[in-house]
Amino acid sequence: MRFFAIVLLAVSLIAPTFAAPSPLRAVEKFSGETTGKYIVKFKAGKSRKSWVNKLKLKNANLVDWDLLNGFAGQIDTDTLNSLRLSDDVEYIAEDGIMHTMVTQTNAPWGLQRISQDARLSSTSTSALTYSYNYDATAGAGVDIYVADTGIMTSHSDFGGRARWGASFIGGNADGNGHGTHCAGSAAGTRYGRANLIAVKVLGDDGSGSISGIVSGLNWVLDQARASGRPTVVSMSLGGGVSTALDNAVTSLTNAGIHVVVAAGNSNVNAANTSPARAPSAITVGASTITDARASFSNFGSVVDTFAPGANIISTWIGSNTATNSISGTSMATPHVAGLVAYLISKDGNVSPAAMTTKVRNLSVKNVLTGIPSGTVNELANNA
């Protein structure tokens, strides 16, 4: 009996063991409307193309990016689970819908405000009689890619410096006006000399998928590398949390491309929205003509600066001389994108991190009212 017990013990010690199956990787959920597609990001050094072939995904309506080492597409449950089990995958996320950051409500009072320290003596937002003080370089030699609803490139205020770049949704025209308005604030004839390139990632309804936006940013990266010119991306859009979109912004800034984004219009902490929370972007909140935080502007520690965003007159669609007055952090963002282009042309290019520091150092401190605790009280300024 004792011998039998010893044999049993020996057998138990040499019996094979089986590891528990790997748990399925969680899928990042998007807090809002989605396209039904999934975004798959692979780890550095892992081949996304080999997975496309292995899973026979060539007919899955894929978009593929070097920017993220990933892709997005219509993926069935079995294929999705195969990817969720793979150690090659860094994360998988739902493909959400992002939107413009505008509040519909005419001078470029904002331009005078960002070129002087003192509060404006006038509170008329409809006058076009304000003075903008700036160096004559005014963004010359810099490319501003406006990732938005497109640009009406024929508008007289662009002076022939605007061109169509690429469209990732709905044709080669701005049928909304939002992108044209933002382009005018960043570098219209009255406001600058930078080149403006339309990257249509939002449709005429003002919305677009994360995968489409990432595709647009991937295209910008290729263009910037090919041109070798200083590059700024203006992104007056946002929505729920998206790791993929945040990572795309990081990839651009790692490549030396400056990215300026809207804080958002929900009067909430911008840390809960993308791409506002992307740490390497310059995140912009909105101020009013009376130097108050705009009531709609998001806030929080991720906001880097504020800029005029209420009742802003700029270029519009419909005719080559059209203008419109609208409000939003969308309107504040191109003021700072134009400022970045201006500082590059005047002082030379620096890293995105150094530019963020420069913008903050130049800002006018503690002049805004209604700034919540934990949010910078800094108003963008060009000198």
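Provided above is the structure to which this section pertains.
For the structure given in this document, a descriptive report is provided here. (Residues numbered from 1 in each chain as written. Predicted model: local features only at pLDDT ≥ 70, side-chain atom pairs only at ≥ 80, totals over all residues. Heavy atoms only, no water.)

Observations regarding the nonpolar core
- Core analysis: the biggest nonpolar cluster contains 40 residues, and Ile-144, Leu-196, Val-232 and Val-340 have the highest contact counts within it.
- Among the elements of the structure, strand S7 (143–148), helix H5 (178–187), strand S9 (195–200), strand S14 (282–287), helix H8 (329–347) and helix H9 (352–362) are those that each provide at least two residues to this core.
- Per element, the largest residue contribution to this core is 10 residues, and it comes from H8.
- In terms of nonpolar packing, the next biggest core, distinct from the first, is built from 36 residues, Phe-30, Tyr-145, Ala-166 and Leu-217 among them. (Core = buried A, V, L, I, M, F, W, Y, C linked by side-chain atoms within 4.5 Å. Buried < 20%, exposed > 50% of the residue type's maximum accessible area, 1.4 Å probe, protein only. Helix = DSSP H or I, 4+ residues; strand = E, 2+ residues; numbered from the N terminus.)

What about the packing of H8 against H9?
- At a minimum axis separation of 11 Å, H8 and H9 run at an interaxial angle of 100°. On the basis of the axis angle, H8 is roughly perpendicular to H9. Contacts between H8 and H9 involve Leu-339, Val-340, Leu-343, Ile-344 and Asp-347 from the first element and Met-355, Lys-358, Val-359 and Leu-362 from the second.
- Of the residues that constitute the contact of H8 with H9, the class distribution is seven nonpolar, no polar and two charged. (Axes fitted to C-alpha atoms, helices over the stretch in contact; angles between N-to-C directions. Parallel < 35°, antiparallel > 145°, perpendicular 65-115°, else oblique. Contact = heavy atoms within 4.5 Å. Nonpolar A, V, L, I, M, F, W, Y, C, P; charged D, E, K, R; others polar.)

Thoughts on the side chain of Arg-84
- By the element assignment, Arg-84 lies in helix H3 (residues 77–85).
- One polar contact links the side chain of Arg-84 to the main-chain carbonyl oxygen of Arg-25, over a distance of 2.6 Å.
- Setting aside its immediate chain neighbours within four residues, Arg-84 contacts Pro-23, Leu-24, Arg-25, Ala-26, Val-27 and Ile-92. (Polar contact = N/O pair within 3.5 Å; in protein donor to acceptor, adjacent residues only side chain to side chain.)

Concerning the pattern of salt bridges
- For the coordinates displayed, the defined rule picks out 12 salt bridges.
- When the shortest N-O distance is used, the salt bridge between Asp-88 and Lys-46 registers 3.8 Å. Separated by 42 residues along the polypeptide, Asp-88 in the loop between H3 and strand S5 (89–100) and Lys-46 in the loop between strand S2 (34–42) and helix H2 (48–54) bring together distant segments of the chain.
- By relative accessible area, which is 21% here, Asp-88 ends up partly exposed.
- A relative accessible area of 37% places Lys-46 in the partly exposed class.
- For Asp-64, the salt bridge identified is with Lys-49, shortest N-O distance 3.4 Å. In this pair, Asp-64 is assigned in strand S3 (residues 63–65) and Lys-49 in helix H2, connecting sequence segments 15 residues apart.
- Each of Arg-48, Lys-49, Asp-64 and Asp-66 takes part in a single network of salt bridges with overlapping partners. (Salt bridge = Lys/Arg side-chain N within 4 Å of Asp/Glu carboxyl O.)

Considering the packing of helix H6 (residues 210–227) against helix H7 (residues 243–254)
- Relative to each other, H6 and H7 sit at 5°, their axes nearing to 10 Å. One way to sum up the angle between H6 and H7 is to call them roughly parallel. Here Ile-210, Ile-213, Val-214, Leu-217 and Leu-221 of H6 lie close against H7, whose contacting residues are Ala-244, Leu-245, Ala-248 and Leu-252.
- A breakdown of the residues in the contact of H6 with H7 according to their chemical character gives nine nonpolar, no polar and no charged.

Things to note about the environment of Thr-273
- Among the secondary structure elements, Thr-273 is positioned in the loop between strand S13 (258–262) and S14.
- When the C-alpha positions of Thr-273 and Asp-246 are compared, they lie 9.7 Å apart, and in sequence the two are 27 residues distant.
- Residues in contact with Thr-273, not counting those within four places in the same chain, are Gly-239, Gly-240, Val-241, Ala-263 and Asn-298.
- Within polar-contact distance, the side chain of Thr-273 engages the backbone oxygen of Ala-270 at 3.0 Å.

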